[in-house]
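Each chain, letter by letter, is given below.
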2 protein chains.
Amino acid sequence: MSSGHIVKSFDEELEGVRNTIVEMGGLAESQLEAAVRSLSERNTELALKTIEADKAVDELEHKVDNMAIRLLALRSPVADDLRLVISALKIASLLERVADYATNISKRVIALNLAPSIAPISSIPRMGEMVRRMIDDTLTAYSTGDADLALDVWTRDQEVDQLYNSMFRELLTFMMEDPRSITSCTHLIFMAKNIERIGDHMTNIAEIIIYQVSGEMPKDPRPKGDKTSMTMIEPKDS
Amino acid sequence: MSSGHIVKSFDEELEGVRNTIVEMGGLAESQLEAAVRSLSERNTELALKTIEADKAVDELEHKVDNMAIRLLALRSPVADDLRLVISALKIASLLERVADYATNISKRVIALNLAPSIAPISSIPRMGEMVRRMIDDTLTAYSTGDADLALDVWTRDQEVDQLYNSMFRELLTFMMEDPRSITSCTHLIFMAKNIERIGDHMTNIAEIIIYQVSGEMPKDPRPKGDKTSMTMIEPKDS
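Here the structure is a predicted model, which is why all the values come from computation and not from measurement.

Counting secondary structure elements, chain A contains 7 helices and 0 strands. Along chain A, helices (α) and strands (β) appear in the sequence α-α-α-α-α-α-α when read from the amino end. Summarising its shape, the C-alpha atoms of chain A cover approximately 80 × 40 × 25 Å along the three principal directions. Burial analysis of chain A (238 residues in total) assigns 55% to the buried set. For chain A, long-range pairs separated by at least 24 residues make up 84% of all intrachain contacts whose partners lie at least 6 apart in sequence. For chain A, the distance from the average site of its 27 positive side-chain charges to the average site of its 39 negative ones is 2 Å.

Before going further, it helps to examine the interface of chain B and chain A. Opposite the 43 residues of chain B that make contact, chain A presents 43 residues. Regarding the contact of chain B and chain A, the summed buried area is about 3,800 Å², with carbon and sulfur atoms giving 70% of it. Connecting chain B to chain A are 2 salt bridges. Its salt-bridge partner being K90 of chain B, residue D65 of chain A comes within 2.8 Å of it at the nearest N-O pair. Inspection of the chain B/chain A interface yields 7 residue pairs in polar contact (both at pLDDT 80 or more). Of all the elements in the fold, those that place two or more residues in the side of chain B that touches chain A are α3 (54-75), α4 (79-112), α6 (147-177) and α7 (182-214) of chain B. For the side of chain B that touches chain A, the element with the most residues is α4 of chain B, which contributes 11 residues.

Applying the stated criterion across every chain, the model contains 1 cavity of 30 Å³ or more. In this structure, the largest cavity occupies an estimated 40 Å³ of space. In terms of lining, the largest cavity is formed by L72, S76, P77 and L82 of chain A together with L72, S76, P77 and L82 of chain B.

Moving on, we get to helix α7 (residues 182-214) of chain A. All names here are of chain A. Here α7 contains 33 residues, and its C-alpha end-to-end distance of 48 Å stays within 8% of the 48 Å for a straight helix at 1.5 Å per residue. Across the 33 residues of α7, 27 count as buried, placing the element largely inside the fold. Positive backbone phi, at 75 degrees, marks G215, one or two positions downstream of α7.

All names here are of chain A. Phi at R42 is positive, roughly 50 degrees, even though this residue is not glycine. Relative to the helices and strands, R42 resides in the loop between α1 (3-40) and α2 (44-52). On the basis of relative accessible area, R42 is assigned to the partly exposed category, the value being 37%. Notably, A79 is not glycine yet its phi reads approximately 45 degrees, a positive angle. The residue A79 is located in helix α4 (residues 79-112) in this model.

Residues and elements named next belong to chain B. Volume-wise, the second largest pocket comes out at about 270 Å³. For the second largest pocket, the lining is made up of 14 residues, of which R18, L84, G145, Q212 and V213 are closest to its centre. The class makeup of the residues in the lining of the second largest pocket is 5 nonpolar, 5 polar and 4 charged.

It is worth spelling out the confidence of the model for chain A at this point. On average, residues of chain A score 91 in pLDDT, and 92% of them are at 70 or above. The secondary-structure element of chain A with the lowest mean pLDDT is α1 of chain A, recorded at 89, while α2 of chain A shows the highest, at 98.

On to the side chain of T203 of chain A, then. With respect to the helices and strands, T203 of chain A occurs in helix α7. Within the structure, T203 of chain A has its side chain in polar contact with the backbone oxygen of D200 of chain A (distance 2.6 Å).

The next point concerns the UniProt feature "domain: PhoU" (unreviewed entry) in chain A. Residues annotated by UniProt as "domain: PhoU" (unreviewed entry) correspond here to residues 21-109 and 124-209 of chain A. When the span residues 21-109 of chain A is considered, its composition is 92% helix and 0% strand, and the gap between its end C-alpha atoms is 28 Å.

Residue and element names in this part refer to chain A. The tally for this structure, following the rule as stated, stands at 30 salt bridges over all chains. For E13, the salt bridge identified is with R75, shortest N-O distance 2.7 Å. With E13 in helix α1 and R75 in helix α3 (residues 54-75), this residue pair connects regions lying 62 residues apart in the sequence. Between R37 and E33 there is a salt bridge, with the nearest N and O atoms lying 3.0 Å from each other. Taken together, the positions of R37 and E33, both in helix α1 and 4 residues apart, correspond to about one turn of that helix. On the accessibility criterion, R37 (34% relative accessible area) is partly exposed.

Structural alignment of chain B on chain A gives an RMSD of 0.0 Å, achieved by rotating through 180 degrees and translating 0.0 Å along the axis. These values place the two chain copies in the arrangement generated by a two-fold rotation axis. When C-alpha distances to the rotation axis are compared across chain B, the minimum falls at S76 of chain B, with a value of 2.8 Å. Counting the interface residues of chain B, we find that 100% of their copies in chain A are interface residues as well, pointing to one common contact surface.

Residues and elements named next belong to chain B. Relative to the helices and strands, V64 resides in helix α3. A relative accessible area of 0% places V64 in the buried class. V64 sits 31 residues away from L95 along the chain, and the two C-alpha atoms are 11 Å apart. When residues no more than four places from it in sequence are discounted, the contact partners of V64 are T20, I21, M24, A88 and A92.

The rules behind the values
Residues numbered from 1 in each chain as written. Chains lettered and ligands numbered in written order. Predicted model: local features only at pLDDT ≥ 70, side-chain atom pairs only at ≥ 80, totals over all residues. Heavy atoms only, no water. Helix = DSSP H or I, 4+ residues; strand = E, 2+ residues; numbered from the N terminus. Buried < 20%, exposed > 50% of the residue type's maximum accessible area, 1.4 Å probe, protein only. Contact = heavy atoms within 4.5 Å. Lys, Arg positive; Asp, Glu negative; His and termini not counted. Charge placed at Lys NZ, Arg CZ, Asp CG, Glu CD. Buried area = accessible area lost by both parts, 1.4 Å probe. Salt bridge = Lys/Arg side-chain N within 4 Å of Asp/Glu carboxyl O. Polar contact = N/O pair within 3.5 Å; in protein donor to acceptor, adjacent residues only side chain to side chain. 1 Å grid on protein atoms, 1.4 Å probe; cavity = no way out; pocket = protein on both sides within 12 Å on 5 of 7 lines; lining within 4 Å. Points joined across faces, edges and corners; volume = space filled by probe spheres on them. Expected span 1.5 Å × (residues − 1). Nonpolar A, V, L, I, M, F, W, Y, C, P; charged D, E, K, R; others polar. pLDDT = per-residue confidence, 0-100. UniProt positions renumbered as here; feature names shortened; annotations may be inferred. Least-squares fit on C-alpha atoms with pLDDT ≥ 70 in both.

Next comes the structure, spelled out in structure tokens:
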């Protein structure tokens, strides 16, 4: 066995880790899209299928973990290669949680479909599409090593947070005006929060990509746009 | 430099990683305790201090990451040692999120304190104490390698989920009866959800400990007790 062969096989193993991450991200992206579509369509069957699909993402995370441990044990990577393996472990764990959020949205769709549609699904599909595109661009940035695209994703998270802030206010106001909508609106707020968290996870992955490519973190402080934890809305008649 | 010295120093480095994890966990535990206490006491100053304390946890996570990368690069650990390093990376990332949840609770306390106290803080202190003890026992299980204690933590998460389920229903009902409490109750539901998520993270860490000590995962399927995603509550008068 020539040393050239060993080097090639090492590169192939690293490439295998990268491809599995992209595959995981692609599944997570589809799950978000399907979860939001199951809301717009009031489609319980699609929501159930989306929950079922979570297992495949969990399995891919285990696969990444095992590939990374094998690489660390047998290849003792250093410098950039070591960073790539550690990054893959972190990114896999973030993508696994993205799929969990999509699962949680799907469960709430099933609950909402048990009652007549009274609450506005509001800007959830728009927010879902913004974040789905963030996942897509993050995966492109990861597989092509494009730090500019990763920085673009990182910046865009603020728009998602702004949309979440206005949805949060809108849904609280709606609940006050029509208390029959309280349970449904609470589920919608949690769904919006889940999507907002997926956006946050994309900024985390974007930071990992930027650091991996440029060796530096984004210079500006991380834009934190979710102000809802501090939001109080007074009922109009009080 | 004798090889004995190198071996000792390697063990010392592993011990350093373990100690940093325990230190991180101790801080996260204090933050949860302080966040919940700031709610019971309506203490905005304590809530602000708790938010500020999050930085120290973030710094400890970076410290664990750097120690782990250094160990992997310079020591090329294999087998149990490699698993210990990978576990430390995963546990540090989970503990960092526990501190984030405590920060989020504290932000909501500040928001609640802007309005008169109308919503019941309900079972949050009880739930907070249950989960604080889970963190404490998880850290003991980690530092002593006690798989039985870790399994005990893992099992107890179901009680937290049950308490969260009943709080979720109670707060929705309260909102329906007194729409003026809608914003406050929504923050309380999110706080309870944050605490429930901390419990989930402890079961994740418990699984890592059990796997590290016994080489096996818990045999029963993971108890999933949070049923609120599927909960619908009808207003009494409808």
